[in-house]
Amino acid sequence: SGGQCASLFALSPTAPRFHAVVLISGIYGLQTDEWTGIRRWLAPCFNLLYQDILGVSDKEARRLQSPEVMVQMSREGQDWYVLSAKMEMMGLQPFEDIFFNVNPFCTALQAKGARVHRVQCGLNHWLLVMNINDFVRPFCAGLLKSSQVG
């Protein structure tokens, strides 16, 4: 997951202090052990999937690879752009929520002082990249403007 990998890097204590972080779609929560209801029945399948695609094989590994949990240091003054599609999986629940719910991650960032910008690009996960120009152009223009001022 690109957004997951990039966010874990940006959140690591050894990462440089970024002025802005741009995350393009991602799985920000891998913790399945507290799921209830139908999700509890799905947890073993997701645990296998997470082990296969991300190499996380137990509860602690899933916690350490969950960006929503790893927001631990102050993010004061940082801008975090969290890009996602309107309906990542065309509304297929509970899978869309399990994979692409960014709310806990964004809340954790805001609690540590980050300015979080949620950006919707496209209808679904597969069309997100085709609709990203509406974000990229003004974002890059803003970066150029701030680099000329500073």
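In case you missed it, the structure is sitting above this.
Residues numbered from 1 in each chain as written. Predicted model: local features only at pLDDT ≥ 70, side-chain atom pairs only at ≥ 80, totals over all residues. Heavy atoms only, no water.

**Points about the environment of Ile38**
By the secondary structure assignment, Ile38 is in helix α2 (residues 38-54). A sequence separation of 56 residues divides Ile38 from Pro94, and the C-alpha atoms of the two residues are 8.8 Å apart. (Helix = DSSP H or I, 4+ residues; strand = E, 2+ residues; numbered from the N terminus.)

**Topic: the sheet that holds strand β2 (residues 79-84)**
Read across the open sheet, the 3 strands follow the order β1-β2-β3; overall the sheet is parallel. Two strands close off the open sheet at either side, each with one partner strand: β1 (20-24) and β3 (115-120). Between one strand axis and the next, the sheet turns through 15° on average, direction left out of account. Both β1 and β2 contribute to a ladder of 5 bridges, which runs parallel. Residue pairing for β2: Leu23 is matched across the bridge by Val82. (Pairing = 2+ DSSP bridges. Axes fitted to C-alpha atoms, helices over the stretch in contact; angles between N-to-C directions.)

**Focus on the layout of surface pockets**
Taken as a whole, the largest pocket spans an internal volume of roughly 220 Å³. For the largest pocket, the lining is made up of 15 residues, of which Ser84, Ala85, Lys86, Phe100 and Arg118 are closest to its centre. Listing elements by their share of the lining of the largest pocket, those giving two or more residues are α5 (95-100) and β3. For the lining of the largest pocket, the residue count by class is 5 nonpolar, 5 polar and 5 charged. Counted as a void, the second largest pocket has a volume near 150 Å³. For the lining of the second largest pocket, the per-class residue count stands at 4 nonpolar, 3 polar and 3 charged. (1 Å grid on protein atoms, 1.4 Å probe; cavity = no way out; pocket = protein on both sides within 12 Å on 5 of 7 lines; lining within 4 Å. Points joined across faces, edges and corners; volume = space filled by probe spheres on them. Nonpolar A, V, L, I, M, F, W, Y, C, P; charged D, E, K, R; others polar.)

**So, the side chain of Glu96**
Relative to the assigned elements, Glu96 resides in helix α5. No salt bridge is formed by the buried Glu96, whose closest oppositely charged neighbour, Arg39, lies at an N-O distance of 9.8 Å. Within the structure, Glu96 has its side chain in polar contact with the backbone nitrogen of Met89 (distance 2.8 Å). A polar contact is formed between the side chain of Glu96 and the backbone nitrogen of Met90, at a distance of 3.4 Å. Once you skip the residues sitting within four places of it in the chain, Glu96 turns out to touch Met87, Glu88, Met89, Met90, Gly91 and Asn101. (Buried < 20%, exposed > 50% of the residue type's maximum accessible area, 1.4 Å probe, protein only. Lys, Arg positive; Asp, Glu negative; His and termini not counted. Salt bridge = Lys/Arg side-chain N within 4 Å of Asp/Glu carboxyl O. Polar contact = N/O pair within 3.5 Å; in protein donor to acceptor, adjacent residues only side chain to side chain. Contact = heavy atoms within 4.5 Å.)

**Some thoughts on the pattern of salt bridges**
All told, the structure shown has 5 salt bridges when counted by the stated rule. Note that Arg63 is salt-bridged to Glu60, the shortest N-O span being 2.8 Å. Taken together, the positions of Arg63 and Glu60, both in helix α3 (residues 59-64) and 3 residues apart, correspond to about one turn of that helix. According to the relative accessible area criterion, Glu60 is partly exposed, its value standing at 40%. The partner of Asp79 in a salt bridge is Arg115, with the nearest N and O atoms 2.8 Å apart. With a gap of 36 residues between them, Asp79 in strand β2 and Arg115 in strand β3 connect regions that are remote in the sequence. Under the relative-accessibility criterion, Asp79 is labelled buried at 10%. Overall, Arg115 belongs to the partly exposed group, its relative accessible area being 41%.

**Observations regarding the nonpolar core**
For soluble globular proteins, the rule of thumb is that nonpolar side chains tend to be buried together. By size, the foremost hydrophobic cluster in this structure holds 17 residues, and its most contacted members are Leu11, Leu23, Trp80, Val82, Phe105 and Leu109. Contributions of two or more residues to this core are made by α1 (2-11), β1, β2 and α6 (103-111). Among the elements that take part in this core, α6 stands out by supplying 4 residues, more than any other. Counting residues in each nonpolar core, the second largest holds 11 residues, with Leu42, Ala43, Phe46 and Ile98 among its members. (Core = buried A, V, L, I, M, F, W, Y, C linked by side-chain atoms within 4.5 Å.)

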